[in-house]
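Inside the fold
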Amino acid sequence: MELADRAVGFLLSFISLSIFTYYTFWVIILPFVDDDHFVHKYFLPQEYAILIPVSAGVALICLLCIFIGFVMLKSKKKKA
Amino acid sequence: MKHIVKILSLVIAITALWVGLLQTSIIPQSHTWLLPIYFVVSLGCYGLLMVGVGLMNFPTCPQEALLLQKDIVEAKEYLKQRGVDVSTS
């Protein structure tokens, strides 16, 4: 079973490192690159660099609130 | 209460640093506007990385697992002799 654990851990760290390098490249390095370099093909337009994390954060908070409300309703129904 | 004050003062210090950076343009302005989001994303990434690294280095102790199984069998025999029901359910 430790092999499965190690595989999941490796996958998680790989995903996190790739997200970090992609985002760093997007936000910090790309504004300094000329506009007709081929690298711009691999990155979405810069507005998405703000949109995607903010929408993900808002979705996370919404899911959290829904979950808390669900648990509160269920506990109240059980008591009554 | 003291904990909240500590966290609030940290947030205010970071906000003041960010506004100061915006005013004095040490870094180009377009970069400074994106700095908070960048730090939040990198903090989330760092947490995920720590979880992954911890998972990879998790110790399993196979000898202790065997000893534990032996202990469980012993305890079951002992309790069955004394008449306690230890069936697995």
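Each chain carries its own residue numbering, running from 1 in the written order of its sequence. Written order decides the labels, with chains lettered from A and ligands numbered from 1. In keeping with the model being predicted, local features are shown solely for residues with a pLDDT of at least 70 and side-chain atom pairs are shown and tallied solely at 80 or more, while totals for entire chains, interfaces and linings include all residues. The side-chain numbers reported here are obtained from all heavy atoms of the structure, hydrogens and water having been left aside.

Right, let's talk about the environment of Leu55(B) for a bit. Elements are defined by DSSP. Helices are runs of H or I of four residues or more, strands are runs of E of two residues or more, and each kind is numbered from the N terminus. By the secondary structure assignment, Leu55(B) is in helix H2 (residues 29–56). In this scheme, a residue with accessible area under 20% of its type's maximum is buried, one over 50% is exposed, and one in between is partly exposed, where area comes from a 1.4 Å probe on protein chains only. Among the residues examined, Leu55(B) registers a relative accessible area of 24% and is labelled partly exposed. When checking whether two residues touch, look at their non-hydrogen atoms; a contact exists if any pair is within 4.5 Å. In this view, Leu55(B) contacts Asp5(A), Val8(A), Gly9(A) and Leu12(A); residues no more than four positions away in its chain are not counted.

If you look at the interface, chain A gives 22 residues, while chain B gives 15 residues. In short, buried area is how much 1.4 Å probe accessible area vanishes from two parts on joining, totalled over both. Carbon and sulfur atoms make up 81% of the surface buried where chain A meets chain B, a total of about 1800 Å² over both sides. When the buried surface of chain A facing chain B is broken down by residue, Leu12(A), Ser16(A) and Tyr23(A) rank first, second and third, together holding 25% of it. Distance and chemistry together define a polar contact, namely a pair of N or O atoms within 3.5 Å, with one atom able to donate a hydrogen and the other to accept it when in protein, and with adjacent residues in sequence counting only for side-chain atoms on both sides. Counting the contacts that link chain A with chain B gives one residue pair in polar contact (both at pLDDT 80 or more). Looking at the side of chain A that touches chain B, the elements that each hand over two or more residues are helix H1 (2–29) and helix H2 (47–79) of chain A. Ranked by the residues each element gives to the side of chain A that touches chain B, the list is headed by H1(A), at 16 residues. Grouping the amino acids of the side of chain A that touches chain B by side-chain chemistry returns 14 nonpolar, five polar and three charged. Gly falls in the polar group here, along with every residue not listed as nonpolar (Ala, Val, Leu, Ile, Met, Phe, Trp, Tyr, Cys, Pro) or charged (Asp, Glu, Lys, Arg).

Scored by pLDDT, chain B comes out at a mean of 86, with 98% of its residues at no less than 70. As a predicted assembly, this complex carries a pTM of 0.68 together with an ipTM value of 0.72. A residue's pLDDT is simply how confident the predictor is in it, with values from 0 to 100.

The next thing to look at is the UniProt feature "transmembrane region" (unreviewed entry) in chain A. Residues and elements named next belong to chain A. UniProt positions are given in the numbering used here, feature names are shortened, and annotations may be inferred rather than shown by experiment. In the numbering used here, UniProt assigns the feature "transmembrane region" (unreviewed entry) to residues 7–29 and 49–73. Strand forms 0% of residues 7–29 and helix 100%; the C-alpha atoms that close the span are 32 Å apart. When the span residues 49–73 is considered, its composition is 100% helix and 0% strand, and the gap between its end C-alpha atoms is 37 Å.

Another point: a nonpolar patch on the surface. All names here are of chain A. Residues with no salt bridge and a relative accessible area higher than 30% make up the patches, which join like charges within 9 Å and nonpolar side chains (Val, Leu, Ile, Met, Phe, Trp, Tyr) within 5 Å. Here the accessible surface of atoms and residues is derived via Shrake-Rupley with a 1.4 Å probe, and residues count as covered only by protein chains that are part of the display. Salt bridges are defined by distance alone: a side-chain nitrogen of Lys or Arg within 4 Å of a carboxyl oxygen of Asp or Glu. A contiguous nonpolar surface patch, about 460 Å² in accessible area, is contributed by Tyr22, Leu44, Tyr48, Leu51 and Ile52. If one sorts the elements of the nonpolar patch by residue count, H2 sits on top with three residues. Mapped onto the fold, Ile52 is located in helix H2.

With that settled, the discussion passes to the state of the cysteines. Residues and elements named next belong to chain A. When the sulfur atoms of two cysteines come within 2.5 Å, that pair is taken as a disulfide. Evaluated as defined, the whole model comprises zero disulfides over all chains. We note that Cys62 lacks a disulfide partner, and the nearest cysteine sulfur, in Cys65, lies 6.6 Å from it. Classification of Cys62 by relative accessible area gives partly exposed; the value is 44%.

So, about the UniProt feature "transmembrane region" (unreviewed entry) in chain B. Residue and element names in this part refer to chain B. UniProt annotation of "transmembrane region" (unreviewed entry) refers to residues 7–27 and 33–58 when read in the numbering used here. In the segment residues 7–27, helix accounts for 86% and strand for 0%; the C-alpha atoms at its two ends are 27 Å apart. Each end of residues 33–58 is marked by a C-alpha atom, and these two atoms are 40 Å apart; helix forms 92% of the span and strand 0%.

Moving on, we come to the packing of H2(A) against H2(B). Contact geometry of H2(A) with H2(B) gives a least axis separation of 11 Å together with a crossing angle of 50°. On the basis of their axis angle, the class for H2(A) and H2(B) is oblique. The chirality of how H2(A) crosses H2(B) is left-handed. Along the contact surface, H2(A) presents Ile50(A), Pro53(A) and Val54(A), while H2(B) presents Leu34(B), Ile37(B) and Val41(B). When grouped by side-chain class, the residues that make up the contact of H2(A) with H2(B) number six nonpolar, no polar and no charged. An axis is simply a line fitted to the C-alpha atoms; with a helix, the fit covers only the stretch in contact. Between two such axes, the angle follows the N-to-C directions and lies from 0 to 180 degrees. The scheme is simple: roughly parallel for angles under 35 degrees, roughly antiparallel for over 145, roughly perpendicular for 65 to 115, oblique for anything else. By convention, the crossing between two helices is left-handed when the near helix turns anticlockwise from the far helix through less than a right angle, and right-handed when the turn is clockwise.

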